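Structure at a glance
Chain by chain, the residues:
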Amino acid sequence: MAKPRVLIVGAGAMGMVTGYILHLAGAEVTFLVRPHRAEALNHPQTLYYYNDNSLKEFKEYVYLTDPSQILGNEYDFIVITLDGAALKCETGRSLVKTIGSAVRQSNSKRTGVILGTVFFNVRSWFLEVSGLPEDSVTLGWFTIRAYSPTAVTLPLHPPTDPEPLSKARIAWIDNLGDGFGVDDSAPRVANAFAKLYNSSGVSTCGITPTAQAGLYMNPIFAIYAACALLDWPRFTDIDTQGEIWRLAVAAAKEIQSLSIHGELGQHAAQSTTETSMAERFADIDAKLLPLDNRAFNRYHHGGKVNEQDTKHLRACVGFGKGEGKDMAALRELVRRVESVF
Ligand SMILES: NC(=O)c1ccc[n+]([C@@H]2O[C@H](COP(=O)([O-])OP(=O)(O)OC[C@H]3O[C@@H](n4cnc5c(N)ncnc54)[C@H](OP(=O)(O)O)[C@@H]3O)[C@@H](O)[C@H]2O)c1
Ligand SMILES: *[C@@H]1O[C@H](CO)[C@@H](O)[C@H](O)[C@H]1NC(C)=O
């Protein structure tokens, strides 16, 4: 049987680890990158895997540097790993149009798109810009944490081995259950992708109902905004009755209550408390050890994807206003974050 062909758009932390896992699953992996990334891809990739403290080498891929090169190619899956700010800018938009054309022009017309970008309601935006049909695009997300040890040094916790870690271009940990998730908005694509991903033997992909996935993900960024304002405290140390934490939890509840999250969202907003929210995040940090998730978040959400996160929160405000809601807590939270950064 021919190997499944996968195009990964973006070769950053998520793109590289996903590419490696899909390579282990037997896929033929192609990266689409911007020209300045090519040099780094000319050498084998060194990847540190926290789960077994060892360095992996990944060199079985090809790459393209011009989006027009995907036209005329057949892919089983296209996995998009750009962050929300990069995807929604002019270059990203034009890239999405090219992806739409490539899928429409392919002979099989069965290419499944996994949209791994974090952003409020991003799948609707993507369908509109790409012109692709509903049943070909599914939302995807990473529960893996991946970063470049050359960009940031995180505090070490046993049994992490600093020697191989220092040689890695990307490091990742996969210990929150399914390492990858997709929603069920395009069931054929979701099932086929999960099946391929699972056959990697090192990580699994779960399928979650759309409303539940959005409800889980969308409010998180209000909490990271509070963390930035509080200078990234431990969740176990947070004063849950402090003003900023209360504001952030109120903002998270406003997001949970958006109509897009259905009845499930109303229930979540009613049952979420300052304490339960802090506990949920403290629990994630504990599970992610030996990766220092607090330092990871400071680097990732406090810097690298900060623009994405803030724009996402603004989009939540816009959506809420569109349905006649005041969104007062979220607006105030965004105002404060933007006045600091
Ligand atoms: N890393 C994680 O652990 C993690 C976990 C959960 C969710 N996520 C989410 O996953 C998404 C990606 O995160 P990440 O950590 O992988 O970010 P990242 O390391 O910055 O990777 C994104 C990559 O996209 C590339 N890119 C941007 N514009 C492009 C374009 N027009 N064409 C081709 N490539 C382009 C960037 O390449 P250059 O800038 O080098 O050109 C960058 O390498 C974000 O939405 C993030 O919130 C990440
Ligand atoms: C992939 O593995 C996960 C975790 O074991 C499982 O829940 C899921 O049903 C599998 N999916 C497919 C399509 O095989």
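Computed from a predicted structure; not experimentally measured. (Residues numbered from 1 in each chain as written. Chains lettered and ligands numbered in written order. Predicted model: local features only at pLDDT ≥ 70, side-chain atom pairs only at ≥ 80, totals over all residues. Heavy atoms only, no water.)

1. Observations concerning the site of ligand 2
Note the threshold: Nearness is judged by heavy atoms alone; a residue qualifies as near a molecule or strand once a single heavy atom is within 4 Å of it. Side-chain atoms alone can form a polar contact between residues adjacent in sequence; in general such a contact is a pair of N or O atoms within 3.5 Å, and within protein one must be able to donate a hydrogen while the other accepts it. Each accessible area value is a Shrake-Rupley result obtained with a 1.4 Å probe; residue values ignore everything except the protein chains displayed when judging cover. Helical segments are the DSSP runs of H or I of at least four residues, strand segments are the runs of E of at least two, and each set is numbered from the N terminus. Basically, the charged four are Asp, Glu, Lys and Arg, the nonpolar ten are Ala, Val, Leu, Ile, Met, Phe, Trp, Tyr, Cys and Pro, and anything else, Gly included, counts as polar.
The local shell around ligand 2 consists of Asp178, Asn191, Ala194, Lys195, Asn198, Thr204 and Cys205. Contacts to ligand 2 include Asn198, whose side-chain N or O atom sits 2.3 Å from an oxygen atom. About the coverage of ligand 2: the protein hides 47% of its 360 Å² of free accessible area. Broken down by element, the residue count for the shell around ligand 2 peaks at four residues, all from helix H7 (residues 187–198). When the residues that make up the shell around ligand 2 are grouped by side-chain class, the tally is two nonpolar, three polar and two charged.

2. Description of the site of ligand 1
Which entries qualify depends on this criterion: Start and end points for every domain follow an automatic or database-based domain assignment.
Taken together, 26 residues sit near ligand 1, with Met14, His36, Arg37, Ala146 and Gln308 positioned nearest. In this structure, Arg34 approaches ligand 1 through a side-chain N or O atom, which is 2.8 Å from an oxygen atom. For ligand 1, an oxygen atom lies 2.5 Å from a polar atom in the side chain of Arg37. Protein burial of ligand 1: of its 880 Å² of free accessible surface, 88% is covered by the chains. In terms of residue count, the dominant contributor to the shell around ligand 1 is helix H13 (residues 293–304) (three residues). Here the shell around ligand 1 is built from residues that sort into 13 nonpolar, eight polar and five charged. Built from parts of two domains, the shell around ligand 1 gets at least three residues from each of domain 1 (5–208) and domain 2 (212–339).

3. Describing the UniProt feature "transmembrane region" (unreviewed entry) in the protein
As a reminder of what qualifies: UniProt positions are given in the numbering used here, feature names are shortened, and annotations may be inferred rather than shown by experiment.
As recorded in UniProt, the sites labelled "transmembrane region" (unreviewed entry) are residues 6–27. Secondary structure across residues 6–27 divides into 55% helix and 18% strand, with the first and last C-alpha atoms of the span separated by 6 Å.

4. Some thoughts on the UniProt feature "domain: Ketopantoate reductase N-terminal" (unreviewed entry) in the protein
Taken from the UniProt record, the annotation "domain: Ketopantoate reductase N-terminal" (unreviewed entry) applies to residues 6–81. The span residues 6–81 is 21% helical and 36% strand by assignment, and the distance between its end C-alpha atoms comes to 13 Å.

5. A closer look at the pattern of salt bridges
Rule in force here: Salt bridge, as used here: a side-chain nitrogen of Lys or Arg that lies within 4 Å of a carboxyl oxygen of Asp or Glu.
Scanning the entire structure with this criterion turns up 14 salt bridges. With a closest N to O distance of 3.3 Å, Glu28 and Arg5 form a salt bridge. With Glu28 in strand E2 (residues 28–32) and Arg5 in strand E1 (residues 5–9), this residue pair connects regions lying 23 residues apart in the sequence. Between Lys311 and Glu307 there is a salt bridge, and its shortest N-O distance comes to 2.7 Å. Linking Lys311 with Glu307, this pair stays in helix H14 (residues 306–322), spanning four residues, or about one helical turn.

6. Observations concerning the domain arrangement of the protein
Formally: By definition, residues are in contact when any of their heavy atoms lie within 4.5 Å. Buried area, as used here, totals the accessible surface that two parts lose on assembly, with accessibility defined by a 1.4 Å probe and the loss added over both.
According to the domain assignment, the protein contains domain 1 (5–208) and domain 2 (212–339). Taken residue by residue, the interface counts 26 residues in domain 1 and 28 residues in domain 2. A per-residue breakdown of the area domain 1 buries against domain 2 is headed by Val118, Phe120 and Arg145, which together make up 29% of the total. Taken together, domain 1 and domain 2 are joined by zero salt bridges.

7. Thoughts on H13
To be explicit about the condition: Accessible area is worked out with a 1.4 Å probe on protein chains only. A residue is then buried under 20% of its type maximum, exposed over 50%, and partly exposed in between.
All buried positions along H13 are accounted for by Asn293, Ala295, Phe296, Asn297, His300 and His301. Among the structural elements, strand E9 (145–147), helix H9 (220–229), helix H12 (274–288) and H14 are those in contact with the buried residues of H13.

8. Let's talk about the sheet that holds strand E12 (residues 205–208)
Backbone-to-backbone hydrogen bonds join strands into a sheet, with any given pair of strands oriented parallel or antiparallel. How we decide: When DSSP finds two or more bridges between a pair of strands, those strands are recorded as paired. Only the contacting stretch of a helix is used when fitting its axis, a line to C-alpha atoms as for every element, and angles between N-to-C directions run 0 to 180 degrees.
Across the sheet, eight strands lie side by side as E5-E2-E1-E6-E7-E8-E11-E12; this open sheet has mixed pairing. Single-partner strands in this sheet number two, and they are strand E5 (61–64) and E12. Shown here is a sheet whose adjacent strand axes are inclined to one another by a mean of 25 degrees, direction ignored. Of the pairings in the sheet, the one linking E2 to E5 comprises four bridges and is parallel in character. Its bridge partner being in E5, Val29 is matched across the sheet by Tyr61. Across the sheet, helix H5 (residues 122–130) lies against strand E6 (77–80), strand E7 (112–115) and strand E8 (137–142), angled at about 140 degrees from E8, the strand it touches most. The sheet contacts of helix H8 (residues 210–217) involve E8, strand E11 (180–183) and E12, and relative to E12 the element is tilted by about 105 degrees.

9. So, the packing of aromatic side chains
To describe a pair of aromatic rings, one takes the distance between the centres and the angle between the planes. Note the cut-off: Note on ring pairs: Phe, Tyr and Trp rings are taken, using the six-membered ring of Trp, and paired if centres are within 6.5 Å. Classes follow the plane angle, with under 30 degrees stacked, over 60 edge-to-face and the rest tilted.
Scanning the model with the defined rule gives 19 aromatic pairs in all. Between Tyr49 and Trp172 the ring centres are 4.4 Å apart and the planes differ by 20 degrees, which places this aromatic pair in the stacked class. Of this pair, Tyr49 sits in strand E3 (residues 45–49) while Trp172 sits in strand E10 (residues 170–173), placing them 123 residues apart in sequence. Trp172 sits in the buried class, given a relative accessible area of 2%. Pairing Tyr147 with Phe296 gives two aromatic rings, centres 6.4 Å apart and planes at 70 degrees, and the pair type is edge-to-face.

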